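Chain and residue survey
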Amino acid sequence: MRFRHPDGSTVHLAYCTNVHPAETLDGVLAQLRDHCEPVRRRLGRDRLGIGLWLARDAAHALVTDPSALRGLRTELEHRGLEVVTLNGFPYEGFGAEEVKYRVYQPDWADPERLAHTTDLARVLAQLLPDDVTEGSISTLPLAWRTAYDQERATAAHTALTTLAERLDALHELTGRSLRIGLEPEPGCTVETTRDALAPLTAIGHDRIGICVDTCHLATSFEDPHTALDALAQARVPIVKSQLSAALHAEHPHLPEVRAALAAFDEPRFLHQTRTLTAAGLRGTDDLGEALAGDALPDASPWRAHFHVPLHAAPAAPLTSTLPVLRAALTRLVGGPHPLTRHLEVETYTWQALPPELRPRARAQLADGIAAELTLARDLLTDLGLKELP
């Protein structure tokens, strides 16, 4: 979905396909048929943007077989889909029964991460629509915080510098300008936007910036305006923003609130949980850990890294951090010029919701994704953007 900003530039809105498990190219092609095109049809659009997730095997197949890459582009066009952004965070196995800490491997100190992201960039350069010259890829925020010492930090920074050089060369070769955005996430080396300032300033290349995920921003209790102002002051480019909402519990000390939270404690994904105390931010690596005894102070609200559907806040006594998303979006695209032109709805946890809230069939999932995109579209038009055909 494309929107015209009042300054005349085009803002792209997509939804991320990491909600659909696929490790191979055949699986990706099936996604386009079974999920992406049905969402487009529900929205009544001739064209729908998707934030494509390509696992290692799928990306490798595309970069080593030009005919396969041409076939994917043809399939996208046939189904009325377009790609201007990729989700390069998960490497493989994102559809596994248990993902948890595995999603952070390999990290930016490992050669596999650089090789995979280079493959993604080469693929994206060929998938961009003919009238689009700028693409974006979101990626791991360097590493999970444990076992990340100075030696690994140096290796990660070197890898990102090498990637920037490869993106420069790709631009010269194809005319397509691609940028990478580190995506701050609770528990990682770069947990907040503030944490991103030092490494990104040290790398100092305009092709390496930040991806602002509004669920992660909210989970860490960051004020959107303060965070985005700091990025602007440091001249850190906002490569893309993922529009998502976290789980919010206003009164976590109450038994009924803990019982409601427990329904979201599931075995597949990590749900880092945070609370803001007088002494600063406190947290646990997972929701179950927070609920166990007194692992986390409960005198102040809790927020959990659980991407809840944008259009459907959890039932009371829980809610979502949609207001944080609204505030961030106002700052991102509501000013005289957009701070980013790539927006991506990223609710990958549909099948991890409490059983009674999960879609029971493809049609229900398509309905839900379409409803999220409709909400995002309405937020953008309320900010003065005009939806394009």
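**Side note on the packing of helix H8 (residues 224-233) against helix H11 (residues 322-333)**
Contact pair H8 / H11: the axes reach a minimum separation of 9 Å and the direction vectors enclose 35 degrees. Read as a crossing pair, H8 and H11 show a hand that is right-handed. Across the interface between the two elements, Pro224, His225, Leu228 and Asp229 of H8 pack against Val324, Ala327, Ala328, Arg331 and Leu332 of H11.

**Focus: helix H5 (residues 150-174)**
Taking 1.5 Å as the rise per residue, H5 with 25 residues should run 36 Å; its terminal C-alpha atoms sit 36 Å apart, in good agreement. On its buried side, H5 packs onto helix H4 (111-127), strand S6 (177-182), helix H6 (193-203) and strand S7 (208-213). In the stretch just after H5, Gly175 is the one whose phi turns positive, near 80 degrees.

**A word on the pattern of salt bridges**
Summed over the entire model, instances satisfying the criterion amount to 26 salt bridges. Close ionic contact of Glu191 with Arg274 constitutes a salt bridge, the shortest N to O distance being 3.0 Å. Of this pair, Glu191 sits in the loop between S6 and H6 while Arg274 sits in strand S10 (residues 273-277), and the two are 83 residues apart along the sequence. What makes Arg274 buried here is its relative accessible area of 6%. Through salt bridges that share partners, Glu37, Arg40, Arg41, Glu75 and Arg79 make up one connected network.

**Some points on the packing of helix H1 (residues 25-43) against helix H3 (residues 66-78)**
Direction vectors running N to C along H1 and H3 enclose 10 degrees, while the axes themselves pass 10 Å from each other. Judged on the interaxial angle alone, H3 and H1 are roughly parallel. Between H1 and H3, the contacting residues are Leu25, Val28, Leu29 and Leu32 on the first element and Ala68, Leu72, Glu75 and Leu76 on the second. Of the residues that constitute the contact of H1 with H3, the class distribution is seven nonpolar, no polar and one charged.

**Quick word on the packing of aromatic side chains**
Counted by the stated rule, this structure contains eight aromatic pairs. Residues Tyr104 and Trp144 carry aromatic rings whose centres are separated by 4.7 Å and whose planes lie at 35 degrees to one another, so their mutual orientation is tilted. In this pair, Tyr104 sits in the loop between strand S4 (81-87) and H4 while Trp144 sits in the loop between strand S5 (134-139) and H5, placing the two residues 40 residues apart along the sequence. Here Tyr104 and Trp144 have matching classes, each one buried. When the ring of Phe264 is compared with that of Phe306, the centres are 5.2 Å apart and the planes differ by 90 degrees; the resulting orientation is edge-to-face. You can see Phe264 sitting in the loop between helix H9 (255-262) and S10 and its partner Phe306 sitting in strand S12 (residues 302-308), a full 42 residues away along the chain. With a relative accessible area of 5%, Phe264 lands in the buried category. Three or more aromatic residues link up through ring pairs in this structure, and these residues are Trp53, Phe94, Phe269 and Tyr348. Above the plane of the ring of Phe221 lies Arg303, whose end atom (NZ or CZ) is 4.4 Å from the centre.

**With respect to H9**
Every buried residue of H9 is accounted for by Val257, Arg258, Ala260 and Leu261. The arc that holds every buried residue of H9, seen down its axis, measures 160 degrees, which confines them to one face. In this structure, H9 carries Pro255 and Ala259 as exposed residues pointing more than 90 degrees from its buried face. In this fold, the buried residues of H9 make contact with strand S9 (245-249), helix H10 (287-291), S12 and strand S13 (318-320).

**A few points about the pairing of S9**
In terms of burial, S9 is largely enclosed, as five of its five residues are buried. Relative to S13, S9 runs antiparallel, the two being bridged by three bridges. Looking at S13, one finds that Leu247 is bridged to Ser320.

**Notes on the nonpolar core**
Grouped together as the largest cluster of nonpolar side chains are 115 residues, with contacts concentrated most on Leu13, Tyr15 and Leu373. Judged by nonpolar contacts, the second largest core, of five residues, contains Ala218, Ala227, Val324 and Ala328.

**Some words on the sheet that holds S12**
Read across the open sheet, the five strands follow the order S11-S10-S12-S9-S13; overall the sheet is antiparallel. Of all the strands in the sheet, just strand S11 (280-284) and S13 have a single pairing partner and so form its edges. Ignoring strand direction, the axes of neighbouring strands in this sheet form an average angle of 30 degrees. As judged from the five bridges shared by S10 and S11, these two strands associate in the antiparallel manner. Across the sheet, the residue bridging to Thr273 is Thr284, located in S11.

What counts, and at which threshold
- Residues numbered from 1 in each chain as written.
- Predicted model: local features only at pLDDT ≥ 70, side-chain atom pairs only at ≥ 80, totals over all residues.
- Heavy atoms only, no water.
- Axes fitted to C-alpha atoms, helices over the stretch in contact; angles between N-to-C directions.
- Helix = DSSP H or I, 4+ residues; strand = E, 2+ residues; numbered from the N terminus.
- Left-handed = near helix turned anticlockwise from the far one by under 90°.
- Contact = heavy atoms within 4.5 Å.
- Expected span 1.5 Å × (residues − 1).
- Salt bridge = Lys/Arg side-chain N within 4 Å of Asp/Glu carboxyl O.
- Buried < 20%, exposed > 50% of the residue type's maximum accessible area, 1.4 Å probe, protein only.
- Parallel < 35°, antiparallel > 145°, perpendicular 65-115°, else oblique.
- Nonpolar A, V, L, I, M, F, W, Y, C, P; charged D, E, K, R; others polar.
- Phe/Tyr/Trp six-rings, centres within 6.5 Å; stacked < 30°, edge-to-face > 60°.
- Lys NZ or Arg CZ within 6 Å of the ring centre and 35° of its normal.
- Arc of directions from axis to C-beta.
- Pairing = 2+ DSSP bridges.
- Core = buried A, V, L, I, M, F, W, Y, C linked by side-chain atoms within 4.5 Å.

Geometry only, nothing functional implied.
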